[in-house]
Amino acid sequence: MSAAAILDAEAAAARAEAVVRGAGSSFFWGMRVLPPARRRAIYAVYAFCRAVDDIVDEPGEPAEQRARLDAWRAEIDGLYDGRPPADPIALALQPAIRRYDLPRAEFEAVIDGMEMDLDARNLAPAMAELRLYCRRVAGAVGLLSVRCFGADEPAAAELAVVLGEALQFTNILRDLGEDAADGRLYLPAELLEHHGIAARVPEAVLDHPALPAVCRDLAAVARERYAEARALMARCDRRRLRPVVLMTASYEPLLDRLEAAGWREPRRRIALPAWRKLLLLRHLIP
């Protein structure tokens, strides 16, 4: 590799790390415990996910947003087909893909999930559709991540998908107000119908008196997934999964707080207090 190429690669890696730092996520510290090469790999994966997520979440014309997602599809194709990457984040992904044999299909799945939001397929979707969405936007990220962490047991791949669903359900239950403001409603149609909610306008659903019952039912499904995830984690080398342990230890208490609040004020965002986040650092100690 030429000196110029090395400098470009270093700049790309630094750009990916800056994206993770700028996100203000406690997961940054979970990633810091990894060896340097693995840490760079997960930073690049995270930065890619943030890049495609921002395309859909930021204001813009749908045609332009779709074109930008297509540009990322082309970048991913190029990384696997031997074409030089144009985007710095794609350049940061290049060594991660080669070193850890990251599956092309999982990057494509993340983009497919973003397109589901563009296509408005997440307006009270059927549970099967919601699970497909979770598999794409969370399970795929988990599968890429466990490879970066070095967790190669079959149970680790299963864990990535199961925990991804639990985390995504928790996000949905936390972000009801923000999602409604964006015209999105991820609560599954079956639960809405079961509790007598015929409305599909997000703001109207949030104002329905049966909303807390719907949320409690979805929270119960999330609890089942967390229990499955813990069982799968017990079959893996936990030393390789410390970032995963951190995610579980932060999201389950968040679900506790959401349930305690009872979704009586669904537009109020619930978060863990700062002191609780500091306690989570104990999960990073070997």
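In this report, we go over the structure that sits alongside the text. (Residues numbered from 1 in each chain as written. Predicted model: local features only at pLDDT ≥ 70, side-chain atom pairs only at ≥ 80, totals over all residues. Heavy atoms only, no water.)

Take the overall build of the protein next. Counting its regular elements, the protein contains 14 helices and zero strands. Sequence-ordered secondary structure for the protein, helices as α and strands as β, is α-α-α-α-α-α-α-α-α-α-α-α-α-α. The proportion of buried residues among the 286 residues of the protein is 51%. (Helix = DSSP H or I, 4+ residues; strand = E, 2+ residues; numbered from the N terminus. Buried < 20%, exposed > 50% of the residue type's maximum accessible area, 1.4 Å probe, protein only.)

Where helix 3 (residues 36-57) meets helix 6 (residues 104-118), the axes come as close as 9 Å, and the angle between the chain directions of the two elements is 15°. By the angle between their axes, helix 3 is roughly parallel relative to helix 6. Considering how the two elements wind past one another, helix 3 and helix 6 form a crossing that is right-handed. Facing F48, V52, D53 and V56 of helix 3, the residues of helix 6 in contact are F107, V110, I111, M114, D117 and L118. Of the residues belonging to the contact of helix 3 with helix 6, the class tally is eight nonpolar, no polar and two charged. (Axes fitted to C-alpha atoms, helices over the stretch in contact; angles between N-to-C directions. Parallel < 35°, antiparallel > 145°, perpendicular 65-115°, else oblique. Left-handed = near helix turned anticlockwise from the far one by under 90°. Contact = heavy atoms within 4.5 Å. Nonpolar A, V, L, I, M, F, W, Y, C, P; charged D, E, K, R; others polar.)

Simply put, disulfide is the name for a covalent bond between the sulfur atoms of two cysteines. Overall, the coordinates contain zero disulfides when judged by the stated rule. This cysteine, C148, is not joined by any disulfide, and C49 carries the nearest cysteine sulfur, 10.0 Å off. (Disulfide = S-S within 2.5 Å.)

Our focus in this paragraph is the packing of helix 7 (residues 127-149) against helix 8 (residues 154-174). One way to put it is that helix 7 packs onto helix 8 with a least axis distance of 7 Å and a crossing angle of 125°. Of the possible angle classes, the one that applies to helix 7 and helix 8 is oblique. Both helix 7 and helix 8 take part in a crossing whose hand is right-handed. Of the residues in helix 8, those in contact with M127, L130, R131, Y133, C134, R135, V137, A138, G139, G142, L143 and V146 of helix 7 are A156, A157, A160, V161, G164, E165, Q168, F169 and I172. Considering only residue class, the contact of helix 7 with helix 8 consists of 14 nonpolar, four polar and three charged.

Moving on to the nonpolar core. Soluble globular proteins tend to bury their nonpolar side chains together. Judged by nonpolar contacts, the single largest core of 94 residues is most densely connected at F48, L93, L102, F169, L173, L187 and L241. Discounting residues that sit within four places of it in the chain, F169 has contacts with M127, L130, C134, L218, V221 and A222. (Core = buried A, V, L, I, M, F, W, Y, C linked by side-chain atoms within 4.5 Å.)

By the definition in use, this model includes three aromatic pairs. Between the aromatic rings of F48 and W72, the centroid separation amounts to 5.3 Å while the plane-to-plane angle is 75°, which identifies the pairing as edge-to-face. Here F48 is found in helix 3, whereas its partner W72 is found in helix 4 (residues 62-81), with 24 residues between them in sequence. Considered together, F48 and W72 belong to a single accessibility category, that of buried residues. Judged by centre distance (5.2 Å) and plane angle (80°), the rings of F48 and F107 are edge-to-face. With F48 in helix 3 and F107 in helix 6, this residue pair connects regions lying 59 residues apart in the sequence. Like F107, F48 is buried. Aromatic ring contacts, followed pair by pair, group F48, W72 and F107 into a single cluster. (Phe/Tyr/Trp six-rings, centres within 6.5 Å; stacked < 30°, edge-to-face > 60°.)

These results come straight from atomic positions and should not be treated as a statement about function.
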